[in-house]
Amino acid sequence: MALANILKTSLGPQGLDKMLVDDIGDVTITNDGATILKQLEVEHPAAKVLVELANLQDSEVGDGTTSVVIIAAELLKRANELVKNNIHPTTIIAGYRIAMRESIKYIQEHLSIKVDSLDQEVLHQVANTTLSSKFIGSESGVFCKIIVDAVKAVKMTNASGKTKYPVNQINVLKAHGQSSHESVLIPNGYALRTMRASQEMPTVVAPAKIALLDFDLKKHKMSMNVNIVIDDPEELERVRQKEMDITKEKIKKILSSGVNVILTTKGIDDFAMKYLVEAGVMGVRRVDKKDMRRIAKCTGASITLTMATMEGDEDFDASCVGTADEVVDERVGDNDFVFIKGCSATKACTILLRGANEMMLDEAERSVHDALCAVSRTMESNAVVPGGGAVETALSLHLEDHARTFDSYEQWAIAEFSEALVTIPKTLAINAALDAIDLLALLRVRHHASQQGTDPKKKDYKWYGLDLSNGTVRNSITAGVVEPMVSKLKSLKFATEAAITILRIDDLVKIAPDPEQEGGM
């Protein structure tokens, strides 16, 4: 419960941020549930399950990390009460499972809307809803457009014919200076936070032929423990010349395939740089392996690990070269960036975030990542549900009625499950400094009317959620407060599974470490 209480205040658009200071004094300001829990050093074994739960929700869906922990903790608290009332944990587990299945079925049948039947505006609304609880929510107009365009840009179809929107194809870079309003999207391109190896190299290369190397371009040295004993000083000079020629030949072979941009994970020394400058080639050194793999995917290049051939010679395979429209070295803020624009093989894009300081940029990056995940999941699953506590309230009322169809002990567990879900709208209202009891009563009346009534006018009441700015209830769909259905389904599944995992434990055994053997070996 301690974990849930820490996270409760950060839920929703009016939620507050947490400042986390680690042992070396680094400060993180965030209200992202998974980030907060990652930074906390949790000792309690059961609490660790909740931390893993938030990380799982973050990797699977990207958004909803705070609510999943709050629901799981509430389920555990209520299960504990039931156990005290002599209801066996196995019965509670069975009741929770029934409630979870019924909830998922009810969401899919009654509370979801297909994205196809709504306009593209929905994707902006999904991004807006995700960002509303974040620090950059005030700039959501700019970011929503950037995020939706970025996700659409990386659309791809896999072998089985499914359309995928891989978020890891979107590179997010941070640059100090200006306001977050100046953040930009670089469509169909990739950016690296690095600069060309020498100032004499060209700043723009178009069209670009790119070679990706995983070895260094420097004067050839003999391998370890190989010594050459030379008597004649002239011979020494020839050995030195040969060492230079080996590297010169290497570079010649690479350039002969038409390459005009070289990226390497290792170094390029002055000697090799001289040849590259003379040939008008842009060289970039110390590129991160992760970036190299992404660039290889985007440009259709292959990373070359060695130039050695089977015959013992050296040769460069021209099929390893990738292409792009242009490669540009530009200065943004205080840093140099290399932009690879117009990638040929697959789609990729880069979001360049601007902000006043490191903490703001870090939080903006986390928020953008959450929104990217939410939008891509919506486009993959093609279904959204109303936000603002509408789903939880509707499920709570439905499960109360559903519980009464059981004449066994499971009835109590299902009823408690329905009560636990109300925590979300209740916490949302409390965080917005509103009267939670009053608002929940209004919401429940609306949802009860939609579930029971035959009046077609009241059918639309099932979309009603909280309006936290005005302290009333409203139709969440028309107000544009929507969330991906996947997020809701997964958070219910994960929260229930985590609660059940902890409920199944009846004893904690700490295994003492072996006493040190006397006197050693």
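Look up a bit, the structure's there.
Each chain has its residues counted from 1, following the order in which its sequence is written. Totals for whole chains, interfaces and linings use all residues, but because this is a predicted model, local features are given only for residues with pLDDT of at least 70 and pairs of side-chain atoms are given and counted only at 80 or more. Derived side-chain values reflect all non-hydrogen atoms in the structure, with water molecules and hydrogen atoms excluded from consideration.

J.: Is there a simple way to explain the overall build of the chain in this structure?
T.: In terms of regular secondary structure, the chain is built from 17 helices and 20 strands. Accessible surface computed for the chain: about 25,700 Å², of which carbon and sulfur atoms make up 51%. Here the chain carries 60 positive and 73 negative side-chain charges, and the mean point of each set is 4 Å from the other. Under the DSSP-based scheme used, a helix requires at least four consecutive residues in state H or I and a strand at least two consecutive residues in state E, with every element numbered from the N terminus. Here, Shrake-Rupley sampling with a 1.4 Å probe gives the accessible areas, and only protein chains in the shown set may cover a residue. We treat Lys and Arg as the positive residues and Asp and Glu as the negative residues; His and chain ends play no part in the count. The atom standing in for a charge is NZ when the residue is Lys, CZ when it is Arg, CG when it is Asp and CD when it is Glu.

J.: Before we go on, may I ask you to explain the pairing of strand β1 (residues 18-21) in this structure?
T.: Regular strands place side chains that alternate from one sheet face to the opposite one. Of the two faces of β1, the one lined by K18 and L20 is fully buried and the one lined by M19 and V21 carries no buried residue. Bridging between β1 and strand β2 (residues 27-30) involves four bridges; their strand directions are antiparallel. Opposite V21, over in β2, you have V27 as the bridge partner. Joining the antiparallel neighbours β1 and β2 is a turn of five residues, in which G25 adopts a positive phi near 90°. Think of it in three bands: with a 1.4 Å probe and only protein chains considered, a residue is buried below 20% of the maximum accessible area for its type, exposed above 50%, and partly exposed in between. When DSSP finds two or more bridges between a pair of strands, those strands are recorded as paired.

J.: Would you mind showing me how to read the environment of E363 here?
T.: One can find E363 in helix α11 (residues 358-381). Whether two residues are in contact is decided by their heavy atoms, any of which lying within 4.5 Å being enough. When sequence neighbours within four positions are dropped, the list of residues in contact with E363 reads I29, T30, N31 and F135.

J.: Where do I start with the nonpolar core in this structure?
T.: Looking at soluble globular proteins, one finds that nonpolar side chains tend to be buried together. By nonpolar core we mean a set of buried residues, namely Ala, Val, Leu, Ile, Met, Phe, Trp, Tyr and Cys, connected to one another through side-chain atoms within 4.5 Å. Of all hydrophobic cores here, the largest spans 64 residues; its most connected members are I92, Y96, I107, F417 and L466. Broken down by element, the residue count for this core peaks at ten residues, all from helix α17 (residues 485-503). Residues within four places of I107 in sequence aside, it is in contact with S112, V385, V391, L395, M485, K488, L489 and L492. Listed in part, the 36 residues of the second largest apolar core include V148, A371, A374 and M379.

J.: Is there a simple way to think about the packing of helix α5 (residues 89-111) against helix α12 (residues 390-403) in this case?
T.: Packed helices, taken two at a time, are described by their axes: the angle between them and the distance between them. It is at 10 Å that the axes of α5 and α12 come closest, and there the two elements cross at 125°. Here α12 runs oblique to α5, going by the angle between their axes. Note that α5 runs across α12; the crossing there is right-handed. Seen from α5, the contacting residues are I98, A99, E102, S103, Y106, I107 and L111; seen from α12, they are V391, A394, L395, H398, L399 and H402. Any residue outside Ala, Val, Leu, Ile, Met, Phe, Trp, Tyr, Cys, Pro, Asp, Glu, Lys and Arg is labelled polar, Gly included; the first ten of those are nonpolar and the last four are charged. Considering only residue class, the contact of α5 with α12 consists of nine nonpolar, three polar and one charged. Axes here mean lines fitted to C-alpha atoms, for a helix over just the part in contact, with angles spanning 0 to 180 degrees between N-to-C directions. If an angle is under 35 degrees, it is roughly parallel; if it is over 145, roughly antiparallel; if it lies from 65 to 115, roughly perpendicular; otherwise it is oblique. By definition, any crossing whose near helix is turned counterclockwise from its far helix by less than a right angle is left-handed, and any crossing with a clockwise turn is right-handed.

J.: So what exactly am I meant to see when it comes to the environment of C349 here?
T.: Along the chain, the position of C349 falls in strand β16 (residues 349-355). Once the C-alpha coordinates of C349 and I186 are considered, the two residues, 163 residues apart in sequence, prove to be 5.8 Å apart.

J.: What should I look at first to understand the packing of α12 against helix α13 (residues 410-421) in this one?
T.: Taken N-terminus to C-terminus, the directions of α12 and α13 make an angle of 165°; their axes are 8 Å apart at the nearest point. Of the possible angle classes, the one that applies to α12 and α13 is roughly antiparallel. Between α12 and α13 the crossing geometry is left-handed. Between α12, through E392, L395, S396, L399, E400 and A403, and α13, the contact on the second element is made entirely by Q411, I414, A415, F417, S418, E419 and L421. Classifying every residue of the contact of α12 with α13 gives seven nonpolar, three polar and three charged.

J.: For this particular structure, what's the right way to read the sheet that holds strand β7 (residues 184-186)?
T.: Two strands in a sheet stick together by hydrogen bonds in their backbones, pointing the same way (parallel) or opposite ways (antiparallel). Taken together, three strands build an open sheet; the order of strands is β6-β16-β7 and the sheet is mixed. Of all strands in the sheet, those bounded by a partner on one side alone are β6 (170-176) and β7. Along the sheet, successive strands turn relative to each other by an average axial angle of 25°, direction set aside. Relative to β16, β6 runs parallel, the two sharing seven bridges. Bridging from a neighbouring strand, N171 pairs with T350 of β16. The sheet strands contacting helix α7 (residues 140-153) are β6, β7 and β16, and the helix crosses β16 at an angle near 160°.

J.: Just to check I follow, could you spell out unusual backbone geometry for this structure?
T.: In most cases, non-glycine residues show a negative phi, while peptide bonds are predominantly trans. Note the cis peptide between A206 and P207, where omega equals -15°. Summarising the element assignment, P207 is placed in the loop between β9 (204-205) and β10 (208-213). For N86, which is not a glycine, the phi torsion comes out positive at approximately 65°. With respect to the helices, strands and loops of the structure, N86 is situated in the loop between α4 (65-84) and α5. Even without glycine at this site, R286 takes up a positive phi of about 55°. Along the chain, R286 turns up in the loop between β12 (282-284) and α10 (289-299).

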